[in-house]
Amino acid sequence: MYSCTKGISFSSRMFPSLFVVILGLCYCSEENSESSLGIPRLYGPSEALVKTIAEFNCELLTYPDGEPVLLQLFKAGNRDNFLAEYTSLDGEIAAFPMIIKLHYEGNLECVARLRNNSNVEPTVSNIHHLRVVEPVRDARIEVLSGRVEFFEGETLELRCKVSAGNHVSYKWLLNDQLVSHSHVHGEILVINRTTSKDSGSYMCVATNIFNKTKVFNSSSTEIITVKDMVSHPDISFTVSKEDSHSYSAMVTCQSTKGTPPITFSIYMTELVASTITQERNAKFKVPLVLGEHLGWLQCQARNADQTAYSAWIRLEVEPVRGAWIEVLSGRVEFFEGETLELRCKVSAGNHVSYKWLLNDQLVTHSHVHGEFLVINRTTSKDSGSYMCVATNIFNKTKVFNSSSTEIITVKDMVSRPDISFTVSKEDSLNYSAMVTCQSTKGTPPITFSICNMTELVASTITQERNAKFKVPLVLGEHLGWLQCQARNADQTAYSAWIRLEVVPVSGPVMIHYDYDFGENYAVTIVRFYCKAAEGSLPRYQWFLNKTLLHDRGSFYYVDHQPPEQSILVLSVSRSSAGTYHCEVSDSFDNTTAINSKRWYLDKEELNRLPVLVVVVVFGCFTALLLVVTICCWVGVVFRRRRYGGKSLVALEMDRMVDAGEPDLKDFTDDADVVKTASDVEFDQASEASVDEWPQIEEEKTTIEDEPAEEP
């Protein structure tokens, strides 16, 4: 046997030696292949809970013959300490049951080696990653910024700590609402420049998840109070009378924001008074002499390391006088949509309050800002006499005031005009169109103009909201399109376009009717409709027996719907009986009128059955009776021929004799049955004739008209 590690020397007999070497290499290769190891495959759970038992398997696909194999489980990168081992004797799969510990997390690998042969190199499996989950528990909030109660502007920093758990995600809530994501950094919450809105109950929720379904969480809460810094106070005073000669000023210091307790102080070059209060305001009494300047007052408010100061006010009371209104918007007369701004100025006086009135009514509070009055997007409703009243008060009873007035006129923009025209007859051959332009809104003077498609036709300036223009007209010809324009400011309003064409009335004049039924199928309402074949401006007139009917009467009313039609509605009664017709003429020229045909209307005639209907109905009834009679006669003849002239009773008696002793009771019952059947047949025939009457009644409503007269 040749060794694989044995050296080969070259001599002059090169080729025989080379042959021997090749044989040795082949033998060594065969020997190594018998003792080499395959690559093991490691598999098992990728996620496990700490302190639970999990099993991993290592499978070696290629085993040497008769050689025990040692399989060991390691953390990748650390071969000094194995986690588990298994000796495979017959090629079985290695099983590594383990109690999971936190430090097992990471990449695992399986190493295979021959237990009794160190000359064979060990082989290493694939990397298998294990995630070890420890359930989270015992969360608590740690205040890293130090205090749970502090003033706004400081930084709040909280940390959510857990006594156990890994792979933890954190969620922060303030008063059960999620905290903005920008403040959260894992288990740390940081809010810079806090305000009182950041006060409340903070909750941290620590969560981890095993196997994507099982959730472990723990939470903790902490109350944080962020106190408001006191705002700059306002200072004011009122005057009260102590006795007949002395007065005092009640000075009020008030802050709109700040968490009590607050220290308020007032100064006049030096401290005058100070107090600590649980409110956001404080009052101080200071001696006062009317008409004298006693100095300047300032208020200071403090509830932290910083003090807020009010403005300085003059401790002097002077009655108001000499008020006047200044028009800041410039003009006292302008069009709607612009802004009105007024200011009430006084020549003397302090501690003044202002009141604005329009036409002796208080102006809406939203428009008043102290001595200023501002109205945006004015309308004509904002026109009138404005008054400002400047007032100051002593001793809560004695009132000094001064007032001024100013007349403001807000003009309406002209609205979109309507355009229409009527026709006037100049002589037998000439006509004119009287075109009317009218706006429902707009402050005069207004410039009205009419235009056709190409040029201006006419224009005028008027103090009214309408204007009229005369335009030549030719009947039956289309003279183009007209539009009206109205202007009283920088903007022009336009009407719709109308067609300047007048078609004279021409025939025929058609008339038709319909009606409504009342009880018992009687006609109660009749409507006549009248329409001319052509005509742009028709005038409709209705006549009863050549008497003109006006718009409304005791039994009728007229509904004109020009130019389409006119409707005459009649209540059918004895008063409405007569002959009706319609007459149509041009509204601007009544020399030619066209009549419709005439219709006679009578209540009895409307509800009377026509002779033809009566003849048809009774003829049908007679024919039916004749057919029934013939059928009965044929039946009798047939029975006589078949039974030899015996009656039905005799036939029945013969049948009963043949069968045995006759039962008189049965005979009586059968006779009743025959009688009842006959009655039923008679009743059904009667009902059929009665059912035909509604059709007859309906046909009675046909209107019979007289022959139409020629127009």
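No experiment lies behind these values; they were computed from the predicted model shown.

A look at the overall build of the protein
Each helix and strand in the protein was counted, giving 6 helices and 52 strands. For the protein, buried positions account for 36% of its 711 residues. Within the protein, residue pairs in contact and separated by at least 24 positions form 61% of the contacts whose partners lie at least 6 positions apart. Carbon and sulfur atoms make up 52% of the accessible area of the protein, which totals about 42,800 Å².

Some remarks on the environment of Ala48
Inspection of the secondary structure assignment puts Ala48 in strand E2 (residues 47–49). You can call Ala48 buried: its relative accessible area is 4%. Put simply, Ala48 and Glu105 are 57 residues apart on the chain and 9.1 Å apart in space, counted from C-alpha to C-alpha. Contacts of Ala48, omitting those with residues within four sequence positions, involve Ala54, Ile100, Leu130, Arg131, Val132, Val133 and Phe210.

A few points about the confidence of the model for the protein
Averaged over all residues, the pLDDT of the protein equals 82, while 83% of them reach at least 70. Confidence over residues 1–35 falls short of pLDDT 50; this stretch has 17 contacts with residues more than four positions distant or in other chains. Confidence over residues 659–711 falls short of pLDDT 50; this stretch has 41 contacts with residues more than four positions distant or in other chains.

Points about the pairing of strand E22 (residues 270–277)
Both faces of the sheet carry side chains from a regular strand, because those side chains alternate between them. Inspection of the sheet shows strand E21 (residues 262–268) paired to E22 by 7 bridges, in the antiparallel sense. The residue bridging Thr263 from the neighbouring strand is Ile276, located in E22.

Some thoughts on the environment of Asp138
Residue position: Asp138 is located in strand E10 (residues 137–143). Placed 27 residues apart in sequence, Asp138 and Gly165 show a C-alpha to C-alpha distance of 9.3 Å. Those residues in contact with Asp138 that lie beyond four places of it in its chain are Lys161, Val162, Ser163 and Ser218. Polar contacts involving the side chain of Asp138 include one to the side chain of Ser163, which spans 3.0 Å.

Points about unusual backbone geometry
Look at the link from Pro444 to Pro445: it is a cis peptide, with omega at 0 degrees. Position of Pro445 among the secondary structure elements: in the loop between strand E37 (431–438) and strand E38 (446–451). Here the bond from Gly507 into Pro508 is cis, since omega is 0 degrees, no more than 30 degrees from zero. Among the structural elements, Pro508 can be located in strand E44 (residues 506–517). One non-glycine residue, Asn175, lies in positive phi territory at about 55 degrees. Tracing the chain through its elements places Asn175 in the loop between strand E13 (169–174) and strand E14 (177–178). A relative accessible area of 43% means that Asn175 is categorised as partly exposed.

Overview of the sheet that holds strand E18 (residues 214–227)
An order of E11-E18-E17-E13-E14 is seen for the 5 strands of this open sheet, with the pairing classed as mixed. If you trace the sheet from one side to the other, it starts and ends with strand E11 (149–151) and E14, each paired once. Across 6 bridges, E13 lies against strand E17 (residues 200–210) in antiparallel orientation. Its bridge partner being in E17, Ser169 is matched across the sheet by Thr207.

So, the sheet that holds strand E27 (residues 321–327)
Strand order in this open sheet of 4 strands is E27-E29-E33-E32, and the pairing throughout is antiparallel. What marks the edges here is a single partner per strand, and that holds for E27 and strand E32 (368–369). Pairing between E32 and strand E33 (residues 372–375): 2 bridges, direction antiparallel. Across the sheet, residue His369 finds its bridge partner in E33, namely Phe372.

What to know about the nonpolar core
Within the largest apolar cluster, 25 residues are counted, with the highest numbers of intra-cluster contacts made by Phe56, Val69, Leu71, Phe96, Ile100 and Leu130. Of all elements in the fold, only strand E3 (53–60), strand E4 (69–75), strand E6 (94–99), strand E7 (106–114) and strand E9 (128–133) reach the threshold of two or more residues within this core. The residues touching Val69, leaving out its near neighbours within four places in the chain, are Leu37, Leu60, Tyr63, Pro64, Tyr86, Thr87, Ser88, Ala112, Arg113 and Leu114. Core analysis: the second largest hydrophobic core is formed by 24 residues, Trp542, Val558, Cys582 and Val584 among them.

Section: the packing of aromatic side chains
Following the criterion strictly, the structure yields 9 aromatic pairs and no others. When the centroid spacing of 5.6 Å and the interplanar angle of 80 degrees are considered together, the rings of Tyr431 and Phe588 count as edge-to-face. Note that Tyr431 is positioned in strand E37 and Phe588 in the loop between strand E50 (578–586) and strand E51 (589–595), a separation of 157 residues in sequence. The same class applies to Tyr431 and to Phe588, which are both buried.

Describing the state of the cysteines
Evaluated as defined, the whole model comprises 6 disulfides. Note that Cys437 is cross-linked by a disulfide to Cys484, the S-S spacing being 2.2 Å. Between Cys437 and Cys484, the S-S dihedral sits near 140 degrees, and the bridge is therefore right-handed. Linking Cys437 in strand E37 with Cys484 in strand E41 (residues 481–487), this pair joins segments that are 47 residues apart in sequence. The pair formed by Cys437 and Cys484 is uniform in burial state, with each residue classed as buried. Cys451 forms no disulfide, and the closest cysteine sulfur to it belongs to Cys484, at a distance of 8.6 Å.

As for the pattern of salt bridges
Going through the model one piece at a time under the given rule, you end up with 15 salt bridges. Close ionic contact of Lys425 with Asp589 constitutes a salt bridge, the shortest N to O distance being 3.1 Å. Taken as a pair, Lys425 in strand E36 (residues 418–425) and Asp589 in strand E51 lie far apart in primary sequence, 164 residues in all. Relative accessible area serves as the criterion here: at 11%, Asp589 is assigned to the buried category. Among the ionic contacts, a cluster of salt bridges with common partners joins Asp514, Asp516 and Arg527.

A word on the pairing of E51
Two elements, E50 and E51, share 4 bridges in a ladder whose sense is antiparallel. Along E51, the bridge assignment pairs Glu583 with Asn595.

As for the side chain of Asn166
In this fold, Asn166 is placed in the loop between strand E12 (156–164) and E13. In terms of polar contacts, Asn166 uses its side chain to reach the backbone amide nitrogen of Glu134, at 2.7 Å. For Asn166, the residues in contact, after removing those within four places along its chain, are Leu102, Glu105, Val132, Val133, Glu134 and Asn208.

Focus on a nonpolar patch on the surface
Nonpolar side chains collect at one region of the surface, where Leu626, Ile630, Trp633 and Val634 lie side by side and expose about 440 Å² of accessible area between them. On the secondary structure map, Val634 appears in helix H3 (residues 611–643). The class of Val634 is partly exposed, set by a relative accessible area of 45%.

Details of the side chain of His128
For His128, the location among the structural elements is in strand E9. The class for His128 is buried, based on a relative accessible area of 12%. Of note is the side chain of His128, whose polar atom sits 3.0 Å from the backbone oxygen of Pro45. Not counting residues up to four positions away in its chain, the partners in contact with His128 are Leu42, Tyr43, Gly44, Pro45, Ser46, Phe56, Gly106, Asn107 and Leu108.

What counts and what doesn't
Counting of residues starts from 1 at the beginning of each chain's written sequence and follows it residue by residue. In keeping with the predicted nature of the model, local features appear solely for residues at pLDDT of at least 70, side-chain atom pairs appear and are counted solely at 80 or more, and the whole-chain, interface and lining totals rest on all residues. For the side-chain quantities, the full set of heavy atoms in the structure was used; hydrogens and water were omitted. The helix count covers DSSP runs of H or I at least four residues long, the strand count covers runs of E at least two residues long, and both are numbered beginning at the N terminus. Between buried and exposed lies partly exposed: a residue is buried under 20% and exposed over 50% of the maximum accessible area for its type, with that area taken using a 1.4 Å probe on protein chains only. By definition in these notes, contact holds between two residues if any of their heavy atoms fall within 4.5 Å. Using the Shrake-Rupley algorithm and a 1.4 Å probe, accessible areas are obtained, with residue cover drawn only from the displayed protein chains. Per-residue confidence from the predictor is reported as pLDDT, a score between 0 and 100. Only strands that DSSP links by at least two bridges are regarded as paired with each other. A 3.5 Å cut-off defines polar contacts: any pair of N or O atoms within that distance qualifies, except that in protein one atom must be a possible hydrogen donor and the other a possible acceptor, and neighbouring residues in sequence count only when both atoms are side-chain atoms. Nonpolar cores were defined as sets of buried Ala, Val, Leu, Ile, Met, Phe, Trp, Tyr and Cys residues, with membership established by side-chain atoms within 4.5 Å. Aromatic pairing here means that ring centres of Phe, Tyr or Trp (its six-membered ring) are within 6.5 Å. Orientation follows from the plane angle: under 30 degrees is stacked, over 60 is edge-to-face, and everything else is tilted. In what follows, a disulfide is any cysteine sulfur pair within 2.5 Å. We define a salt bridge as a contact between a side-chain nitrogen of Lys or Arg and a carboxyl oxygen of Asp or Glu at a distance within 4 Å. In this scheme, patches are assembled from residues that exceed 30% relative accessible area and form no salt bridge. Like charges are connected within 9 Å, while nonpolar side chains (Val, Leu, Ile, Met, Phe, Trp, Tyr) are connected within 5 Å.

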